[in-house]
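Listed below are the residues making up each chain.
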Amino acid sequence: MPHALIVGGTGMLKGVPHYFTQHGYTVSVIGRNQNKFEELIFSKGIHGFINPIKTDYSDYEKLAKKLQNAISVYGPVETAISWIHSTAPEAPFVIAGILNNQNIKTKYYHILGSADVQPDGQNKKFETDIEEYENIIYRKVILGFVIEDETSRWLTDTEISNGVTDAVINERDTFIVGTVEPWEKRP
Ligand SMILES: NC(=O)c1ccc[n+]([C@@H]2O[C@H](COP(=O)([O-])OP(=O)(O)OC[C@H]3O[C@@H](n4cnc5c(N)ncnc54)[C@H](OP(=O)(O)O)[C@@H]3O)[C@@H](O)[C@H]2O)c1
């Protein structure tokens, strides 16, 4: 069975594991809260196996250990979706480093807020460094906003999950969910 990883897959990305289970993947999901895991595992549409990795991703040592353990049990991760708060700046490096050491190429979908389109976006260092990871196929998914009539609003969880799933299906290097233009209309 192929193996997918979704970091933050019990939050706004909770609609994404369905796509992978329907395609025969074992889906490892990283989060902390047991109730959120149960909600995901028992939600309608999950037909396959979810492997809950209950850990705080800002504890880098534990994160590395638990991810390595999941890989040893369920095999190398083919596709990773990663939504990580800026409170754990090293977590993307820890995860990408482990995935890069597998003996396969891994698609790494980095989920980023709309500010990433600005020239001083906080992700620039990671983006430069990841070019050196020869087994990582790096892709960015930028969460924009929605313009409706005269106003604008942020995306809903469903729009985010559907957009991220579209990004996986479309395999583009950069995929924007909603829009980031005109920037002045940002909510
Ligand atoms: N452009 C946009 O429109 C946009 C962009 C971003 C967010 N949003 C909205 O803002 C709302 C809140 O966003 P959010 O950032 O809180 O995302 P969220 O996806 O609702 O929650 C964060 C996810 O990451 C996990 N997580 C958080 N901290 C963690 C840690 N230290 N270790 C391990 N797992 C951790 C959470 O699980 P645990 O809590 O169990 O750990 C959860 O699965 C969302 O509902 C979304 O719709 C909109």
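Before reading on, note that the structure itself is shown above.
Caption draft 1: Here's a closer look at the site of the ligand. T10, R32, K36, H85 and D157 are the nearest of the 19 residues found near the ligand. With respect to the ligand, the backbone of G11 contributes an N or O atom lying 3.0 Å from an oxygen atom. The backbone of Y57 places a nitrogen or oxygen atom 2.8 Å from a nitrogen atom of the ligand. Applying the majority rule of atoms within 2 Å of the grid points places the ligand in the second largest pocket.

Caption draft 2: Layout of the pairing of strand β7 (residues 145–148). Where β7 and strand β8 (residues 151–154) come together, 4 bridges link them in antiparallel fashion. Each residue of the ladder has a partner; that of F145, found in β8, is W154. Following β7, the chain reverses through 2 residues before pairing antiparallel with β8; D149 in that reversal takes a positive phi of roughly 50°.

Caption draft 3: Structural view of the packing of helix α3 (residues 60–74) against helix α4 (residues 91–100). For the pair α3 and α4, the least separation of the axes is 10 Å and the interaxial angle reads 30°. Put simply, α3 runs roughly parallel to α4. Considering how the two elements wind past one another, α3 and α4 form a crossing that is right-handed. Along the contact surface, α3 presents Y60, L63, A64, L67, Q68 and I71, while α4 presents A91, V94, I95, I98 and L99.

Caption draft 4: Expanded view of the sheet that holds strand β1 (residues 3–7). The strand order across the open sheet formed by 7 strands is β3-β2-β1-β4-β5-β6-β9, and the pairing between neighbours is parallel. The open sheet is flanked by β3 (50–54) and β9 (174–177), the only strands paired with a single partner. Adjacent strand axes in the sheet meet at a mean angle of 20°, parallel and antiparallel pairs treated alike. Helix-sheet contacts for α3 involve β1, β2 (26–31), β3 and β4 (77–82), and the interaxial angle to β3 is about 160°.

Caption draft 5: Here's a closer look at the nonpolar core. Of all hydrophobic cores here, the largest spans 28 residues; its most connected members are L5, Y57, I95, L99 and Y108. If you list the elements that add at least two residues to this core, you get β1, α3, β4, α4, β5 (106–112), α5 (124–130) and β6 (136–143). At 7 residues, the largest contribution of residues to this core is made by α4. With near-sequence residues (within four places) excluded, I95 lies in contact with L5, V7, L63, L67, I84 and Y108.

Quick notes on the rules
Residues numbered from 1 in each chain as written. Predicted model: local features only at pLDDT ≥ 70, side-chain atom pairs only at ≥ 80, totals over all residues. Heavy atoms only, no water. Near = heavy atom within 4 Å. Polar contact = N/O pair within 3.5 Å; in protein donor to acceptor, adjacent residues only side chain to side chain. 1 Å grid on protein atoms, 1.4 Å probe; cavity = no way out; pocket = protein on both sides within 12 Å on 5 of 7 lines; lining within 4 Å. Sits in = over half its atoms within 2 Å of the grid points. Pairing = 2+ DSSP bridges. Helix = DSSP H or I, 4+ residues; strand = E, 2+ residues; numbered from the N terminus. Axes fitted to C-alpha atoms, helices over the stretch in contact; angles between N-to-C directions. Parallel < 35°, antiparallel > 145°, perpendicular 65-115°, else oblique. Left-handed = near helix turned anticlockwise from the far one by under 90°. Contact = heavy atoms within 4.5 Å. Core = buried A, V, L, I, M, F, W, Y, C linked by side-chain atoms within 4.5 Å. Buried < 20%, exposed > 50% of the residue type's maximum accessible area, 1.4 Å probe, protein only.

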